[in-house]
Amino acid sequence: MTRKTIKEEILSFLQEAKKKSFSMEELAQHLGMQKSTDYKLLVQTIAQMEREQSVEFSNKGKIKLPFAPVMVEGTFRMNERGFGFVTVDPEEPDIYISSDATNYAMNGDRVMIDIVKNADPFGDRGAEGRVVSIKERAIHQVVGEFTAYTPTEIDETDLYGVVTPKDKKNAPFKVFVAAEGIQPVDGSIVVVEVTHYPEKGYASSLEGLVKKVVGHKNDPGMDILSVVVAQGIPTSFPDEVLEEADQVPDQISEKDLIGRRDLRDQMIVTIDGADAKDLDDAVTVRKLSNGNYFLGVHIADVSYYVTEGSQLDREAFERGTSVYLTDRVIPMIPQRLSNGICSLNPQVPRLAMSCEMEIDTNGTIVSHEIFPSVIQTVERMTYSAVNGILEETDAELIKRYESLVPMFTLMKELHEILESRRINRGAINFEDREAKILVSENGTPLAIELRSRGVGERLIESFMLAANETIAEHYNQLKLPFIYRIHEQPKEEKMQRFFDFAAALGILVKGTKESITPKDLQQVISDVEEKPESAVINTMLLRSMQQARYSEDNYGHYGLAAEYYTHFTSPIRRYPDLIVHRLIRTYEESQSEKVQGKWAEVLPEIAKHSSDMERRAVDAEREVDSLKKAEYMADKVGEEFDGIISSITKFGIFVELPNTVEGLIHLNELKQDYFHFIENQLALVGERTRQTFKIGQKVKIKVTKAEPETREIDFELLEAEEIPALEAPTRNRRRERKGKPSYNKNNKENKQPRKNKKKTKGKKPFYKSVAKKKKGGRK
């Protein structure tokens, strides 16, 4: 045998053997190399292979193949306590990364990991991994509050100061600002461009340059603006976009009416919230001679003004959506258009894209037309006014709008027919409690009011849904490239968890996890509507749903039980709606293969980007709401309130107050017993007392903390409604706690800037390039 052949024999044997490791004697026996000369050759070959790292010795001196890590790529999500999770596949469980295995990855980074522990499905333990490398950094800019160094400190460190990030996900990090470029004043809110990231010895430190001063922390509205900038949402329009908007006429000309159907003689109204300024939908309803209903839905023709490839169009695409915050709106298109020529203001002619439908008494749309039009609304109605008329609670309104009252009555009739049809086909209606935070001129929260949804709000929703479904079906039947709003069927594993959860509460769910219909789920909600379990079933079912998104492929809308659905009705504030209008106009002119090929190529990117921007806007809106709710509760510390348990976790109980404010009762504050978390029922059970806490349970709490900066609100439990007790599991507490991620809040690492050796104006990491160090810093 040659040495090469021996190596191949050894590797082949080790790869095929069931055992993982062998002694030298066992290996010699299996390879038939027991003679002294052969054995000596085997030992020499193994020694060489070890140097080449093609084999290795175990702790017991046995020969084995080296461990080959399973390398996978994913997105790292960091927890505030230092550990994190990597998402490799959205449909698969995340992989846990301990705090000492993150390799200095930050939230959102694309990373390569290897699996150090496989998942244990029987022990309900997920896989664990370690970050091997960082492929792409997600964070390039950080927004935060600047703390200035003194002139002496600047001279010693070559740093202007340090920035504390506003984004909670970046809270563990300090961003040191190199003494170059813009020098902010103390307390400024700044945008820092990151030049150096965490590394060994400086796990919580970043370095960067100030690129922009947003304002001062004490400026009115700066708290919300900080959230907006931190999310990467543009706060102003580029000059070229505003210049293009200024070129759009304020009034309609005769040229604009060419090819449009004139509907200015129809009784068309807008119905919106009292504070709405961008009115993008108008409606009319009348009864036809055959007993059917005529519904006209007329949407602002934004795509006529925001043309393909224009500066306005590029900016609208980048923004994706308007963002509606507590005290401001960040529009998708400049307000000169959104509140001006594009808004369907009353008693003035406006260009529209119309969808007219004939609907029978069963709610079936028997015919429809889609076309460009010119309309002139007769009134700008509010939801509250329409509700007052339909509920006959405001005689003055009924008299004032006497000529419109019969149409509003017909609208209510048609809405009830359409709503009944949606319910009959299985549309899922989750109970949604939405709050409006009222603020003063300087942004101080004054009150939190629940938004009510009367007939006026619901009938507009019914009409918009009908138009969206009609448009989607029309272009799907034509087999033309199109953009859809989709909501896919729940994943099987999530449905299985919901089935198990419902079964634990004694609730039988019809259907199977593979083929459960919206109607089956609707029936579950209906069955428990008057029961104590209603809140928890709604919560768990909502968590089992997938997230709605935009797609170039039509998968239907599961929650609405609709086979076809798109977004057509809000082009002033949503880019996909604007694209739908552009597609309608394009396909009226040509449906050639070239045109279809062009749209088939660009629609996937438009759909994905629009979905991403929608998620960004939702995150910003939620964060601002949390901020203002914490600010509202800040002067109520020590006060007592009644509430409902809204969620149960391993670390505590979330309680929602009647005004939708939510706070946490930490598990370690429940000192009356040791509580176990029962995951399949979302409950906490006392080991000794069997006291049980579940979603939907009434409690009385005292506010103990409300911090706007961290968005945290903490409660203390005073009383809890008595409910049937569950059995507590009998686990070893020490074992249960073992493996819990540790966190030492007294860790002083990175509280000082890095050591500086030589000034090179940011070309090298400052801890390698600056000569002096801050007094009291690292030694």
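On a predicted model such as this, the values are computed, not experimentally measured, just so you know.

So, how was this worked out
- Residues numbered from 1 in each chain as written.
- Predicted model: local features only at pLDDT ≥ 70, side-chain atom pairs only at ≥ 80, totals over all residues.
- Heavy atoms only, no water.
- Pairing = 2+ DSSP bridges.
- Helix = DSSP H or I, 4+ residues; strand = E, 2+ residues; numbered from the N terminus.
- Axes fitted to C-alpha atoms, helices over the stretch in contact; angles between N-to-C directions.
- Parallel < 35°, antiparallel > 145°, perpendicular 65-115°, else oblique.
- Left-handed = near helix turned anticlockwise from the far one by under 90°.
- Contact = heavy atoms within 4.5 Å.
- Nonpolar A, V, L, I, M, F, W, Y, C, P; charged D, E, K, R; others polar.
- Core = buried A, V, L, I, M, F, W, Y, C linked by side-chain atoms within 4.5 Å.
- Buried < 20%, exposed > 50% of the residue type's maximum accessible area, 1.4 Å probe, protein only.
- Phe/Tyr/Trp six-rings, centres within 6.5 Å; stacked < 30°, edge-to-face > 60°.
- Domains from an automatic or database assignment.
- Expected span 1.5 Å × (residues − 1).
- Arc of directions from axis to C-beta.

How do you make sense of the sheet that holds strand S5 (residues 84-87) when you look at a structure like this?
A barrel is described by the order of its strands in space; here 5 strands give the closed sequence S4-S5-S6-S8-S7, paired in mixed fashion. Direction aside, the axes of adjacent strands within the sheet are offset by 50° on average. As paired elements, S5 and strand S6 (residues 95-97) share 3 bridges and run antiparallel to each other. Across the sheet, the residue bridging to Val 86 is Ile 95, located in S6.

Sorry, what's going on with the packing of helix H6 (residues 239-246) against helix H8 (residues 311-319) here?
In a pair of packed helices, the angle between the axes and the distance between the axes together describe the arrangement. With their axes 8 Å apart at the nearest point, H6 and H8 run at an angle of 125° to one another. Judged by the angle between their axes, H6 and H8 are oblique. Note that H6 runs across H8; the crossing there is left-handed. In this structure, H6 uses Glu 240, Val 241, Glu 244 and Ala 245 to contact H8, whose residues at the interface are Gln 311, Leu 312 and Glu 315. Among the residues making up the contact of H6 with H8, the classes are represented as 3 nonpolar, 1 polar and 3 charged.

Would you take a moment to explain the nonpolar core for this structure?
One broad trend across soluble globular proteins is that nonpolar side chains are buried collectively. Of all hydrophobic cores here, the largest spans 86 residues; its most connected members are Met 381, Phe 408, Met 411 and Phe 463. Considering every element that reaches this core, the biggest residue donor is helix H13 (residues 455-477), with 10 residues. Once you skip the residues sitting within four places of it in the chain, Met 381 turns out to touch Val 269, Thr 270, Ile 271, Asp 272, Val 386, Ile 389, Tyr 401, Leu 404 and Phe 408. In terms of nonpolar packing, the next biggest core, distinct from the first, is built from 47 residues, Ile 428, Leu 505, Leu 521 and Val 655 among them.

Got a minute to help me understand the sheet that holds strand S3 (residues 63-64) in this structure?
What holds strands together in a sheet is hydrogen bonding between their backbones, with the strands either parallel or antiparallel. Judged by pairing direction, the sheet is antiparallel, and its 3 strands sit side by side in the order S1-S3-S2 without closing on themselves. Of all strands in the sheet, those bounded by a partner on one side alone are strand S1 (21-22) and strand S2 (56-57). Here S1 runs beside S3; their pairing, made up of 2 bridges, is antiparallel. Bridging from a neighbouring strand, Phe 22 pairs with Ile 63 of S3.

Help me out: how do you make sense of unusual backbone geometry in this one?
Most peptide bonds take the trans configuration, and most residues that are not glycine carry a negative phi. Notably, Tyr 104 is not glycine yet its phi reads approximately 65°, a positive angle. If you trace the backbone, Tyr 104 turns up in the loop between S6 and strand S7 (110-117). A positive phi angle, close to 80°, is found at Thr 660, a residue other than glycine. The exposure class assigned to Thr 660 is buried, which follows from its relative accessible area of 8%.

I would appreciate a short explanation of the packing of aromatic side chains in the present structure.
Counting across every chain of the model gives 11 aromatic pairs. Where Phe 13 meets Phe 22, the ring centres are 4.9 Å apart and the plane angle is 50°; that geometry is what we call tilted. Since its relative accessible area comes to 18%, Phe 13 is described here as buried. For Phe 22, a relative accessible area of 3% puts it in the buried group. Plain terms: the ring middles of Phe 317 and Tyr 575 are 5.7 Å apart, the flat faces sit at 70° to each other, and that makes the pair edge-to-face. Here Tyr 575 lies in helix H17 (residues 575-589) and Phe 317 lies in helix H8, a separation of 258 residues in the sequence. Grouping residues by exposure puts Phe 317 and Tyr 575 together as buried.

Looking at this model, I keep getting lost on the domain arrangement of the chain. Mind explaining?
When the parts come together, some accessible area is lost, and that loss is often what is quoted as the size of the interface. The domain boundaries assigned to the chain delineate domain 1 (6-64), domain 2 (71-136), domain 3 (141-219), domain 4 (239-484 + 565-618) and domain 5 (635-720). On a C-alpha basis, the centroid separation for the pair domain 1 and domain 2 is 35 Å.

I would appreciate a short explanation of helix H3 (residues 36-51) in the present structure.
Residues separated by three or four positions in an α-helix point in the same direction, a consequence of the helix having 3.6 residues per turn. Here H3 is 16 residues long and its end C-alpha atoms lie 23 Å apart, about the 22 Å a rise of 1.5 Å per residue gives. Every buried residue of H3 is accounted for by Leu 42, Thr 45, Ile 46 and Met 49. Here the buried residues of H3 occupy an arc of 100° about the axis, which is enough to place them on one side. Residues of H3 that are exposed and point over 90 degrees away from its buried face: Ser 36, Thr 37, Lys 40 and Arg 51. Where H3 terminates, the next one or two residues include Gln 53, which has phi positive at roughly 65°.

I'm lost on helix H2 (residues 24-31) in this one. Help?
Along H2, the residues classified as buried are Met 24, Leu 27, Ala 28 and Leu 31. The arc enclosing the buried residues of H2, seen along the axis, measures out at 100°, which places them on a common side. Residues Glu 25, Gln 29 and His 30 are exposed on H2 and point more than 90 degrees away from its buried face.

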